[in-house]
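Geometric and topological summary
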Amino acid sequence: MQQNSTQGLTEQIAAKVAQYGLSVLSHFDAKQNLSAELQEQYPWAQSLVLVGQGAQGYWPVFSQSDEYLDGEKDPIDRWGQRIGDDIAANYNGVAFYPFTGPPYWPFLSWAAAAGDTASSRLGMHLHRTYGLWHSYRFALLLPSQAPEATPANTYQAPCSTCDKPCLPPCPVDAFANEGEYQVAKCRAYVRDNPDSICYTQGCQARLACPEGQGSHELAQHQYHMRVFARG
């Protein structure tokens, strides 16, 4: 599919993925930012567009999908792959996913190269618009050019000057060591305390972060915490 303008590429993809409650989270020039190996493998590639959840609207769509309702494993991954493969084919490109590998694709490095994320005090990446409330579903490697990305490292996380309201709410101090999320300690607490506010309403540390806009509905928080507790 040929685009009439570089500005139109991300706008068209954004409109397409918005039907699924997804957003364009980052984009950049593939010739400048992809690894030499990927450029050699895909010499036609001009741009990379990262798509995932950012704004509200994702959960009502996904929770009615065949993948969510069929009771099989990994519904979010299967749902995202169906959408990503379809859109990539429409634009004569290929889709990459964060859950396939090895090799595992460097989504966080790609987003940082696009100037859209930075590491947070909790170890997760903050997005310039959505804060901690974003997640990547797929990346589109495309033969058309996207608008120029924001220069890398333009977005600086405010954690160094923040009063860190994210730390006190965690009942097990899972983020006590800066940048190191103690997953096992967190999972054990959530698993053993199904009536806790963490289990029933979502990660309290993440919810306390003032950056971005929370986009998870309560049912989505509960779904992810159930999956997380099962490990």
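Looking at the chain, pLDDT values average 90 and 94% of them are 70 or higher. For residues 1-6, every residue scores under 50 in pLDDT, and the model assigns this stretch 13 contacts once sequence neighbours within four places are set aside.

Turning our attention to unusual backbone geometry. Going from glycine 101 to proline 102, the amide bond is cis rather than trans, its omega being 5 degrees. With respect to the element layout, proline 102 can be found in the loop between strand 3 (94-96) and helix 7 (107-113). One non-glycine residue, asparagine 92, lies in positive phi territory at about 55 degrees. Position of asparagine 92 relative to the elements: it lies in the loop between helix 6 (75-90) and strand 3. A positive phi angle, close to 60 degrees, is found at lysine 164, a residue other than glycine. Locating lysine 164 in the fold gives a position in the loop between strand 6 (135-142) and helix 8 (183-192).

With that settled, the discussion passes to the sheet that holds strand 6. Ordered by their spatial adjacency, 4 strands build an open sheet running 1-2-6-3, and the pairing between neighbours is antiparallel. Lying at the two open borders of the sheet, with one neighbouring strand each, are strand 1 (23-29) and strand 3. With strand direction ignored, the average angle separating the axes of adjacent strands in the sheet is 25 degrees. With respect to the sheet, helix 6 is in contact with strand 3 and strand 6, its orientation differing from that of strand 6 by roughly 20 degrees.

The rules behind these values
- Along each chain, residues carry numbers from 1 onward, in the same order as the chain's sequence is written.
- In view of the model being predicted, local features appear only for residues whose pLDDT reaches at least 70, and side-chain atom pairs are presented and counted only at 80 or more, with totals across whole chains, interfaces and linings using the full set of residues.
- Hydrogens and water are ignored here; the side-chain numbers use all heavy atoms of the structure.
- One number per residue, pLDDT, summarises how confident the predictor is, and it ranges from 0 to 100.
- The criterion used for residue contact is that any of the two residues' heavy atoms lie within 4.5 Å.
- Each helix is a run of DSSP H or I of at least 4 residues and each strand a run of E of at least 2, with the numbering of both proceeding from the N terminus.
- DSSP calls a pair of strands paired once it identifies at least 2 bridges connecting them.
- Axis lines are fitted through C-alpha atoms, for helices just across the contact stretch, and the angle between N-to-C directions can take any value from 0 to 180 degrees.

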